[in-house]
Amino acid sequence: MLDATRAEPLLAVEGLQSWYGESHILHGVTFDVRAGEVVTLLGRNGAGKTTTLKSIMGIVGQRKGSVRFEGRELVGLSSNAIARRGIAFCPEERGIFASLDVEENLYLPPQVKAGGLSTEQIFTLFPNLKERLRSQGTKLSGGEQQMLAIGRILRTGARLLLLDEPTEGLAPVIIQQIGRTIRSLKEQGFTILLVEQNFRFAATLADRYYVMEHGQIVEQFANAELDANLEKLHEYLGV
Amino acid sequence: MSGDIILETEDLTKEFAGFVAVNGVSLRVARGTIHALIGPNGAGKTTCFNLLTKFLQPTRGRIAFKGRDITSLPPTEIARLGLVRSFQISAVFPHLTCRENVRIALQRARGGSFDFWRSKRVLDTLNDRALALLADVGLAEFADLTAVELPYGRKRALELATTIAVDPEMLLLDEPTAGMGHEDIDRIAALIKSVAANRTVLMVEHNLSVVSNLCHRITVLTRGRVLAEGDYQTVSNNAEVREAYMGVGHA
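Please read all numbers here as calculations on a predicted model, not as lab measurements.

## Remarks on the overall build of chain A
Now for step 1: Helix and strand counts for chain A come out as nine helices and 10 strands.
Now for step 2: Taking 18 Å as the expected radius of gyration for a compact globule of 239 residues, we find that chain A reaches 17 Å, a close match to that expectation.
Now for step 3: With respect to the three principal axes, the spread of C-alpha positions in chain A is 50 × 40 × 40 Å.
Now for step 4: The buried share of chain A, reckoned over its 239 residues, is 44%.
Now for step 5: Considering only contacts in chain A between residues 6 or more positions apart, those separated by 24 or more positions represent 69%.

Next up, the structure:
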């Protein structure tokens, strides 16, 4: 920690605790994500994966501990200040504004940094969005809403992307396309923290994994160590 | 299984302003089968469900359930006839407990809406049944938690339990395993299989291993039309289906 020559990780989470009202969800979560990495949080339903992402963004009731991004503390900042530091969140519930059309939803979040995807690149990735540009959020199919939720944050130029189950409800052919997109974002220098139940999908992308249980990190390993850890993973996840 | 057709549509079509979501779909679901509706996002799968349960009125076409034309019936009547759906995004009562959510559905299945006035013993029998259903979907330990406190995947499991509690002859399930972990997917798949032993199921599902393990017949929709139909082997070997939906790596 005191070694000044050691590069600080892009995101360093230490002893993070979170509450929703009376419910204590995270019990001291510690992990880090280095610049340019794809890191996947694994764990069963209710383990605290989504809450970890929400806690990084500052959208939980109460949090304690430390979340440092580019060396600066985020705990204590409002969620919009955190977003402007260059972190974007794609929630599992998608969060599409029902009364806005596709284009309005897409342009609503401000660009916080240069280097995000262009609208054309987003349409190449998700042709459905271009075809349905004037459709209201609620008129989109579930999968199209998911595409819009992902596309929307790729435009902002945020360098750290928090993706909560990005493949949910999507056709296999689109999932493969999202896999290619994540790889290309990584090549362009984006950093990605992924929550994903589709383990086969995660395994093709992640550099490192953390396993969560009962609001804590219980295991971590690199992608190269995946095979050696499959049995343990089976116990944790039932995969 | 028999050749008896429980649900049939003819030229089912839904046009929105400038957009044809469902375009001349003729679907035949055999009684006692698990039938999958798959296809790319925006192909019209959920719109089909909305038409079948009359959450949307078709622009044209005809729907028959158990030989009866239901095209002009309201959603409540269709549910009472025994055709009941689940939703892609959960629809449960957020501030009731899991047990209460399932119990309400069970009260409906009992046929009486005045169970409020029944003796406590009647409700207690419903409690046992509610707990059994919660156990079936892996929620036994969360029976007294309010639905709003459940993580997303468990909310989906709760909704499935309430759908099954109504005990319909035919279930329409919209992405029953979406948002669930591996451990839950196997449990839900087994549950659907057991529920389907004496019922008919029509389901939208993107998890192809679930589809291939469970479904007797598969209809592939794309751009509102039927692209292919058959068993898993047939549709997964169809070049157009592979291009439009499955992509590479799914044999």
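## Some details on the overall build of chain B
Now for step 1: Secondary structure summary: chain B contains nine helices and 11 strands in total.
Now for step 2: For chain B, whose C-alpha radius of gyration is 18 Å, the value lies close to the compact-globule estimate of 18 Å for 251 residues.
Now for step 3: Once the C-alpha set of chain B is aligned to its principal axes, its extents read approximately 55 × 40 × 40 Å.
Now for step 4: Here chain B holds 251 residues, and the buried ones make up 46% of them.
Now for step 5: Residue pairs at least 24 apart in sequence account for 67% of intrachain contacts in chain B once pairs closer than 6 positions are excluded.

## So, the domain arrangement of chain B
Residue and element names in this part refer to chain B.
Now for step 1: Partitioning chain B into domains gives domain 1 (1-82 + 168-251) and domain 2 (90-165).
Now for step 2: Here the C-alpha centroids of domain 1 and domain 2 sit 26 Å apart.
Now for step 3: Taken together, the contact pairs 11 residues of domain 1 with 10 residues of domain 2.
Now for step 4: Among the residues forming the side of domain 1 that touches domain 2, the class breakdown is seven nonpolar, two polar and two charged.

## Regarding the pairing of strand β3 (residues 38-42) of chain A
All names here are of chain A.
Now for step 1: Burial analysis of β3 places five of its five residues in the buried class, which makes it a mostly covered element.
Now for step 2: What you see with β3 is no split at all: Val-38, Thr-40 and Leu-42 on one side and Val-39 and Leu-41 on the other are buried throughout.
Now for step 3: As paired elements, β3 and strand β8 (residues 191-195) share four bridges and run parallel to each other. Note on β8: the bridge partner recorded for Val-39 is Leu-193.
Now for step 4: Pairing of β3 with strand β9 (residues 208-213) involves four bridges; the strand directions are parallel. From the neighbouring strand, Thr-40 faces β9, where its bridge partner is Tyr-209.

## Things to note about the packing of helix α5 (residues 152-165) of chain B against helix α6 (residues 182-195) of chain B
Residues and elements named next belong to chain B.
Now for step 1: Close contact between α5 and α6 brings their axes to 12 Å; oriented N to C, the two are set at 10 degrees. Overall, the two elements α5 and α6 adopt an arrangement that is roughly parallel. Each of Gly-153, Ala-157, Leu-160 and Ile-164 in α5 lies in contact with α6, whose residues at this interface are Asp-184, Ile-188 and Val-195.
Now for step 2: Residue composition of the contact of α5 with α6, grouped by class: five nonpolar, one polar and one charged.

## Quick look at the nonpolar core
Now for step 1: Judged by nonpolar contacts, the single largest core of 128 residues is most densely connected at A:Ile87, A:Leu160, A:Leu161, A:Leu162, A:Leu194, B:Val102 and B:Ala161.
Now for step 2: Two domains each provide a minimum of three residues to this core, namely domain 1 (1-82 + 168-251) and domain 2 (90-165) of chain B.
Now for step 3: Once residues within four sequence positions are removed from consideration, B:Ala161 is found in contact with B:Val102, B:Leu133, B:Leu134, B:Asp136, B:Val137 and B:Leu139.

## Topic: the confidence of the model for chain A
Now for step 1: In the predicted model, chain A carries a mean pLDDT of 91, and 97% of its residues have values of at least 70.
Now for step 2: Scored below 50 in pLDDT, residues 1-5 of chain A makes zero contacts in the model with residues more than four places away or belonging to other chains.

Rules behind the numbers
Residues numbered from 1 in each chain as written. Chains lettered and ligands numbered in written order. Predicted model: local features only at pLDDT ≥ 70, side-chain atom pairs only at ≥ 80, totals over all residues. Helix = DSSP H or I, 4+ residues; strand = E, 2+ residues; numbered from the N terminus. Rg over C-alpha atoms; globule rule 2.2 N^0.38 Å. Buried ≥ 20, exposed ≤ 12 C-beta atoms within 10 Å, placed from the backbone. Contact = placed C-beta atoms within 7 Å. Domains from an automatic or database assignment. Nonpolar A, V, L, I, M, F, W, Y, C, P; charged D, E, K, R; others polar. Pairing = 2+ DSSP bridges. Axes fitted to C-alpha atoms, helices over the stretch in contact; angles between N-to-C directions. Parallel < 35°, antiparallel > 145°, perpendicular 65-115°, else oblique. Core = buried A, V, L, I, M, F, W, Y, C linked by C-beta atoms within 7 Å. pLDDT = per-residue confidence, 0-100.

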